[in-house]
Amino acid sequence: MHFLLLFNRQSRLRLQKWFMPVSERFKRKVIRDMTMMVVGRPARSCNFLQWRDLKIVYKRYASLYFCVGMEAEDNELLTLEVLHRYVEMLDKYFGNVCELDLIFNFEKAYYILDEFLMGGEVLETSKIDIGVAIEDADVLQETLEEYMSKQTY
Amino acid sequence: MPAPIRLRELIRTIRTARTQAEEREMIQKECAAIRSSFREEDNTYRCRNVAKLLYMHMLGYPAHFGQLECLKLIASQKFTDKRIGYLGAMLLLDERQDVHLLMTNCIKNDLNHSTQYVQGLALCTLGCMGSSEMCRDLAGEVEKLLKTSNSYLRKKAALCAVHVIRKVPELMEMFLPATKNLLSEKNHGVLHTSVVLLTEMCERSPDMLSHFRKLVPQLVRILKNLIMSGYSPEHDVSGISDPFLQVRILRLLRILGRSDDDSSEAMNDILAQVATNTETSKNVGNAILYETVLTIMDIKSESGLRVLAINILGRFLLNNDKNIRYVALTSLLKTVQTDHNAVQRHRSTIVDCLKDLDVSIKRRAMELSFALVNGNNIRGMMKELLYFLDSCDPDFKADCASGVFLAAEKYAPSKRWHIDTIMRVLTTSGSYVRDDSVPNLIQLITNSVEMHAYTVQRLYKALLDDISQQPLVQVSSWCIGEYGDLLVSGQCEEEEPIQVTEDEVLDVLEGLLVSNLSTPVTRGYSLTAIMKLSTRFSSVNRIKKVVSIYGSSIDVELQQRAVEYNAMFKKYDHMRPALLERMPIMEKSSSNGPTEMVQTNGETEPSALESKHPPPVTQPTNQANDLLDLLGGNDVGPVIQTSMPTKPASSGGELLDLLGDLSLTGGPTSAPVSTGPPPQPGFLLDGLSSQNLFNDISAAGIPSMTAYNKNGLKIEFTFQRATPNPNIAVITIHASNTTDADMTEFVFQAAVPKTFQLQLLSPSSNVVPALNQGTVTQVIRVLNPQKQQLRMRIKLMYSHKGSAVQDLAEVNNFPPQAWQ
């Protein structure tokens, strides 16, 4: 996987994960192209596209488009499953997740993503393990009193 | 200073903005506050500020001033800080900023932290955006973590190692010992990431590949357990146990079995099992089947298995789900080369997919259809494809048109059918046809000698209908220029001949010249066509008038042509018929790289100018050679039955003047149009053609021979072999003169039998000085792919003591080494 983008129908970006080092200009171009291409697709079309030398897989969940750019050797049908698994994880964590959850808690969305994917590959295939890891890490996060009282360095 | 607002507040506030400007204002205000907070080195609120900054970054605003702050957060002891800090590093930093190297030490410390989640953060960041330097520094730590018993860390370390290997392939060896018992893990996460790591290593290094082949039985066993095992809630997806792992294992098996019979055999059973047992009602099952099919096709599987795979793809093609049909078409495209017949069986389904509404499917179906076209199904397929061409989106038309031309060229059942197909494409999608098809079509038309009348008639009729499609117009005007006489004489056999007068034809062509729809290239074509008709039609005065008008055209190209054509009327009228004669059959040039044996075809000068117009994609060196041949001897390739362009005896020098504007002496970049061919070492125009033609010619020690010796003119051939291509013999002719008078205007021509190709480079001069004071040298390159006995017919022309001398001779006494 080269990148994962989440955006809504108004082309507002909600999450961007880049697995390859690319320039800011390239990122902006990709985002522009993806939002244009994907949002413009008719309703019941195929979820796969070709863009330059990358395969693009996208899936729409409620008001959000999940869009992945991947190499020619990767399995498109499996990537649809990967996207679905990520949405399931978000749903479990937030409880009936909607776009607003992802707006106000974008950093959590990233943390969950980082427990599921790394470097463009699937890191953990067990739903339970990912959930446990996130919960434990959340517990580690200090409460306000703890945060204020603890020494920074 | 009041505490900075919380992240939620900020988000809420920004979302209330009603216009872009309002939003920008809010953001700027907040950025200013954040900046001053950063300046104060406030530890308490840094985390909050960076989080806000990241949100604003996502909206598209610049956030680079937060980069250092992220580093400070990473160095903090508090987990909350670290979490945000690492996230910020991943979002704001990449290897291009020097700042990122400051992270290395922090990451190193965190990799050894007591809390696994901190270690996890560090591994994640390194594995996502670590640069090569960071990877080099920290590879040792990663390797250590790869051997730990903590599965949470082990799986992260494995993917981090994958990233390190991608960045610094030399470090692959370092991870080899740690991979020893990776596959004996029970934890699926570790198993999955290990398979990814092994895949990466095998893809990058053939040694690793052979080393890991021994893992095939183990992988097969794991896969088997996955399929046979009962329901496992945590790994289950719609009834299938851990499809992610299954697919990854299949992919690794594919790589391991690729060119190895033993491994492939070990996999046959499990692949068959997966292929037959997997539940196909849901997408996940099909994902596994898809990967299985890809694996079967790639390894050395037995034929039964391959048939099974193709049938699965065939079933996919009939599936209701568009994604699956798309995937099937893509895979069939990959396998059509190797299993052509099997794929042919599904041809009708594939052709039906051309009518699908989905754009992605249509494109794949089109590509696959072209791959399936062969001699047997060409007529039927072409009908479908032409129908598709008519109705498809403009983005497809260019590719489809090129595909149609290629297919037609390879498999055309008859010339008439071929020309009809081309006409159909040109008339329906003429404006989308690629520029380089115009010269290809012209070549094709020239070669179909018996169809000339029919072709020109149809093209003329098409022109009458529509002059907006430039490729069509260009081809038509070229043909009319070439075969206009057939057009007016009404000689067509294939069709009802139409009655056209010369004036009508000239009207059409002049119309093209003035029309706003015509591009400058098209205008060039039509002007040249009009000129050519001056030898074929009788209304020369009209043509003269047109040509002289354009002598003052604003378009430089048209002006140049018109001026030269004018000159042809005035000063060189005696040469005009010869120059504007019918073109001989052109052979397709075969490009072999640097030793490109370009078939020259004695093109007359106007068409030499013309053929430079198509973009440099097509054989730019072709034009340089054509010009060379005009200067040098005329060279005819295989003996041609149609009229050979007879070079006027004194053409050498005068043509050089005629083409004076084209600055031919400047070396290979002599093409007057911007399509300057790249300098080819052999094609220097300054006459010293026999020097250093190829980068490495080895004089193979072939004896020289006397080819001709009469009336004081002696021509010797010396041989060399062009080492890049052993089929090319390089012959240098040395002409010397034993009489007491110079032989001026010396022209040497040569012809070879059909199986050879010949190229004549420019002579050193065209005066053979008297009394052996010097020689004229000229280089001939002969391509002899069939290694047949070399024979040559030569024609010599020169002026001697005031009279013109011409002679023909056959040269048969080539030494065997020259052509063996």
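Everything below is about the structure shown above.
Residues numbered from 1 in each chain as written. Chains lettered and ligands numbered in written order. Predicted model: local features only at pLDDT ≥ 70, side-chain atom pairs only at ≥ 80, totals over all residues. Heavy atoms only, no water.

## Some details on the overall build of chain B
Then step 1. Helix and strand counts for chain B come out as 35 helices and 12 strands.
Then step 2. Within the span of chain B, comprising 820 residues, buried residues form 59% of the whole.
Then step 3. Look at the contacts in chain B between residues 6 or more apart in sequence, and 69% of them connect residues 24 or more apart.
Then step 4. By element, 50% of the accessible surface of chain B is carried by carbon and sulfur atoms, the whole surface being about 33,200 Å². (Helix = DSSP H or I, 4+ residues; strand = E, 2+ residues; numbered from the N terminus. Buried < 20%, exposed > 50% of the residue type's maximum accessible area, 1.4 Å probe, protein only. Contact = heavy atoms within 4.5 Å. Areas by Shrake-Rupley, 256 points an atom, 1.4 Å probe, with all protein chains shown as cover.)

## As for the nonpolar core
Then step 1. One finds A:Tyr86, A:Leu117, B:Met103, B:Phe175, B:Ile249, B:Leu256 and B:Val505 to be the most contacted residues of the largest nonpolar core, which totals 259 residues.
Then step 2. Contact partners of B:Leu256, with chain neighbours within four places excluded, come to B:Cys202, B:Leu209, B:Phe212, B:Arg213, B:Val216, B:Leu219, B:Ser263 and B:Met267.
Then step 3. The next biggest cluster of nonpolar side chains, apart from the first, holds 32 residues, and it includes B:Ile715, B:Ile733, B:Met743 and B:Leu790. (Core = buried A, V, L, I, M, F, W, Y, C linked by side-chain atoms within 4.5 Å.)

## Points about empty space enclosed by the protein
Then step 1. Within this structure, the stated rule accounts for eight cavities of 30 Å³ or more.
Then step 2. The computed volume of the second largest cavity comes to approximately 210 Å³.
Then step 3. Forming the boundary of the second largest cavity are 16 residues, of which A:Asp74, A:Leu78, A:Thr79, A:Glu121 and B:Arg248 lie nearest the centre.
Then step 4. Mapped by element, the contributors of at least two residues to the lining of the second largest cavity are helix H2 (76-94) and strand S7 (121-122) of chain A together with helix H13 (243-257) of chain B.
Then step 5. Per-element accounting of the lining of the second largest cavity gives the leading share, four residues, to H13(B).
Then step 6. In terms of residue class, the lining of the second largest cavity is made up of seven nonpolar, four polar and five charged. (1 Å grid on protein atoms, 1.4 Å probe; cavity = no way out; pocket = protein on both sides within 12 Å on 5 of 7 lines; lining within 4 Å. Points joined across faces, edges and corners; volume = space filled by probe spheres on them. Nonpolar A, V, L, I, M, F, W, Y, C, P; charged D, E, K, R; others polar.)

## A short note on the packing of helix H24 (residues 437-447) of chain B against helix H26 (residues 470-489) of chain B
All names here are of chain B.
Then step 1. The contact between H24 and H26 brings their axes to 10 Å, and the two run at 35°. The hand of the H24/H26 crossing is right-handed. Packed against H24, whose contacting residues are Val438, Leu441, Ile442, Ile445 and Thr446, the element H26 presents Pro471, Gln474, Val475, Trp478, Cys479 and Tyr483 at the interface.
Then step 2. Counted by class, the contact of H24 with H26 contains nine nonpolar, two polar and no charged residues. (Axes fitted to C-alpha atoms, helices over the stretch in contact; angles between N-to-C directions. Left-handed = near helix turned anticlockwise from the far one by under 90°.)

## Here's the deal with the environment of B:Thr718
Residue and element names in this part refer to chain B.
Then step 1. Inspection of the secondary structure puts Thr718 in strand S6 (residues 713-722).
Then step 2. Separated by 12 residues in the primary sequence, Thr718 and Thr706 place their C-alpha atoms 8.8 Å from one another.
Then step 3. Setting aside anything within four residues of it in sequence, one finds Thr718 in contact with Ser704, Val730, Ile731, Thr732 and His734.
Then step 4. A polar side-chain atom of Thr718 sits 3.1 Å from a polar atom in the side chain of His734. (Polar contact = N/O pair within 3.5 Å; in protein donor to acceptor, adjacent residues only side chain to side chain.)

## Looking at the interface of chain A and chain B
Then step 1. Facing 67 residues of chain A, the contacting portion of chain B comprises 79 residues.
Then step 2. A buried area of about 6,700 Å², summed over both sides, lies between chain A and chain B, and 56% of it is on carbon and sulfur atoms.
Then step 3. Summed over the three residues of chain A that lose the most area to chain B, namely A:Phe104, A:Met118 and A:Tyr147, the buried surface amounts to 11% of that side.
Then step 4. Connecting chain A to chain B are seven salt bridges.
Then step 5. Where chain A packs against chain B, one counts 30 residue pairs in polar contact (both at pLDDT 80 or more).
Then step 6. Where the side of chain A that touches chain B is concerned, the elements lending two or more residues are strand S2 (13-18), strand S3 (48-51), H2, helix H3 (99-104), helix H4 (106-116), S7, helix H5 (127-140) and helix H6 (144-149) of chain A.
Then step 7. Counting residues per element, the side of chain A that touches chain B draws most heavily on H5(A), which supplies 10 residues.
Then step 8. A breakdown of the residues in the side of chain A that touches chain B according to their chemical character gives 31 nonpolar, 13 polar and 23 charged. (Buried area = accessible area lost by both parts, 1.4 Å probe. Salt bridge = Lys/Arg side-chain N within 4 Å of Asp/Glu carboxyl O.)

## Things to note about the pattern of salt bridges
Then step 1. Inspection of the entire model under this criterion finds 56 salt bridges over all chains.
Then step 2. In this structure, A:Glu76 engages A:Lys55 in a salt bridge whose closest nitrogen and oxygen atoms are separated by 3.2 Å. On the criterion of sequence distance, the pair formed by A:Glu76 in helix H2 and A:Lys55 in strand S4 (residues 54-61) is long-range, its members being 21 residues apart.
Then step 3. Looking at A:Lys55, the relative accessible area reads 8%, which means it is buried.
Then step 4. The salt bridge involving B:Asp260 is made with B:Arg213; its shortest N-O contact spans 3.9 Å.

Take it as geometry only, folks, not as evidence of what the structure does.
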